[in-house]
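Spelled out from the first residue to the last, the chains are:
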Amino acid sequence: MSFDIYRLKKECDYFCNYYGQEFVEGLGTEDILKFFDKYFVEGDWLDLGGGSSSLLWWLAQKYYNKIDIIDISQEAFFIADLIKQSDFNKGCFQFVRKHYYNKNLCKCDMNFIVKDFFKDEFDTYNKYRNISQIGLLGLCKNKKMFFSNLTKIIKLLAPQGVVINANWLFNDVYSKKKGLDNSYINQGLIYEFANENGLKVLECKFVEFNDDINYKGVLIYVLQK
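Just so you know, these numbers come straight off a predicted model, no measurement behind them.

(A) Summary view of the packing of aromatic side chains. Tallied over the full model, the rule gives 22 aromatic pairs. Aromatic side chains Phe 36 and Phe 40 sit 4.9 Å apart centroid to centroid with 75° between the ring planes, which places their arrangement in the edge-to-face category. Like Phe 36, the residue Phe 40 is buried in the burial classification. Among the aromatic side chains, those forming a connected cluster through ring pairs are Tyr 14, Phe 15, Tyr 18, Tyr 19, Phe 36, Phe 40, Trp 45, Trp 57, Phe 88 and Phe 93. The residue whose ring lies beneath Lys 103 is Trp 58, and the NZ or CZ to ring-centre distance is 3.8 Å. It is Lys 152 that lies over the ring of Phe 117; its NZ or CZ is 4.8 Å from the centre.

See below:
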């Protein structure tokens, strides 16, 4: 896929509107950050669909873990590299530095992999002790697709490894706009998957939003192999 200036603008607007702005409490992000600090261990880390946001989560855990970042957008990787090289310290990044770890972003070892996780195959020989999936599986059209891709993630996880997940649930208006209803995603679904696959559910909570124009809330869950 060739580099596209309009996709770059879209990715830049997304980053500036969400992570470049002042931190907003009460939207579940506090829990996601807390889980990175609480559950991630020293070792290789795979971030799925992270793109420009991966470095924010990197600041929330004490280790200088190398990150393999899989994203369909090479434009997002361009922005991530700018964030790293500038040691970005504004908006949400300033909040995380204050409450977690004020590390130098320039020291983060990032490996960019331009792939579509839903469509492409991955070598399961290499296993990760840490995996994060922040938002990606919320784009699954149904339970079957969700379970299939979560299974794909678990296959990349090392024994005793941990995966931190967060999926935003669309409200009715946004579902129609996106042509995707992900309301099937709930806490019961996560426990069902964990029981079927012999996984531990370390955390599972739904944070409901009030009057958000797009989302009902976010489901945050931590699974251990």
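(B) Expanded view of a nonpolar patch on the surface. Together, Phe 3, Phe 78 and Leu 82 line one region of the surface with nonpolar side chains, adding up to about 290 Å² of accessible area. Relative to the helices and strands, Leu 82 is located in helix α4 (residues 74-85).

(C) Focus on the nonpolar core. In terms of nonpolar packing, the biggest core is built from 43 residues, with Phe 36, Trp 57, Ile 83, Phe 93, Leu 105 and Ile 164 touching the most fellow members. Secondary-structure elements contributing two or more residues to this core are α1 (5-18), α2 (29-39), α3 (54-59), β2 (67-71), α4, α5 (92-99), β5 (157-170) and β7 (215-224). In contact with Phe 93, other than residues within four places in its own chain, are Phe 15, Tyr 19, Leu 55, Leu 56, Leu 59, Ile 83, Phe 88 and Leu 105.

(D) The arrangement of the pairing of strand β1 (residues 45-48) in detail. Burial of β1 is two-sided: the residues Trp 45 and Asp 47 facing one way and the residues Leu 46 and Leu 48 facing the other way are all buried. Sheet topology places β1 next to β2; four bridges connect them, and they run parallel. Paired with Trp 45 across the bridge in β2 is Ile 67. For the crossover that starts at β1, traverses α3 and ends in the parallel β2, the hand is right-handed. When β1 meets strand β4 (residues 128-134), the two strands line up parallel, connected through four bridges. Within the sheet, the bridge partner assigned to Leu 46 lies in β4 and is Ile 131.

(E) How the structure looks around the packing of helix α6 (residues 143-154) against helix α8 (residues 187-197). Contact geometry of α6 with α8 gives a least axis separation of 11 Å together with a crossing angle of 50°. On the basis of the axis angle, α6 is oblique to α8. When you trace α6 past α8, the crossing you get is right-handed. From α6, Lys 143, Phe 146, Phe 147, Leu 150, Thr 151 and Ile 154 reach across to α8, where they touch Leu 189, Ile 190, Glu 192, Phe 193, Glu 196 and Asn 197.

(F) Region of the structure containing the packing of α1 against α4. Between α1 and α4, the least distance of the axes is 8 Å, while the angle of their chain directions is 50°. Taken together, the axes of α1 and α4 are oblique relative to one another. Relative to α4, α1 is oriented so that their crossing is right-handed. In contact with Arg 7, Leu 8, Glu 11, Cys 12 and Phe 15 of α1, α4 contributes Glu 75, Ala 76, Phe 78, Ile 79 and Ile 83. Here the residues of the contact of α1 with α4 are counted per class, giving seven nonpolar, no polar and three charged.

The rules behind the values
Residues numbered from 1 in each chain as written. Predicted model: local features only at pLDDT ≥ 70, side-chain atom pairs only at ≥ 80, totals over all residues. Heavy atoms only, no water. Phe/Tyr/Trp six-rings, centres within 6.5 Å; stacked < 30°, edge-to-face > 60°. Buried < 20%, exposed > 50% of the residue type's maximum accessible area, 1.4 Å probe, protein only. Lys NZ or Arg CZ within 6 Å of the ring centre and 35° of its normal. Patch = residues over 30% accessible without salt bridge, like charges linked within 9 Å, V, L, I, M, F, W, Y side chains within 5 Å. Areas by Shrake-Rupley, 256 points an atom, 1.4 Å probe, with all protein chains shown as cover. Salt bridge = Lys/Arg side-chain N within 4 Å of Asp/Glu carboxyl O. Helix = DSSP H or I, 4+ residues; strand = E, 2+ residues; numbered from the N terminus. Core = buried A, V, L, I, M, F, W, Y, C linked by side-chain atoms within 4.5 Å. Contact = heavy atoms within 4.5 Å. Pairing = 2+ DSSP bridges. Right-handed = clockwise from strand over helix to strand, strands pointing away. Axes fitted to C-alpha atoms, helices over the stretch in contact; angles between N-to-C directions. Parallel < 35°, antiparallel > 145°, perpendicular 65-115°, else oblique. Left-handed = near helix turned anticlockwise from the far one by under 90°. Nonpolar A, V, L, I, M, F, W, Y, C, P; charged D, E, K, R; others polar.

What is shown is where atoms sit, not what they do.
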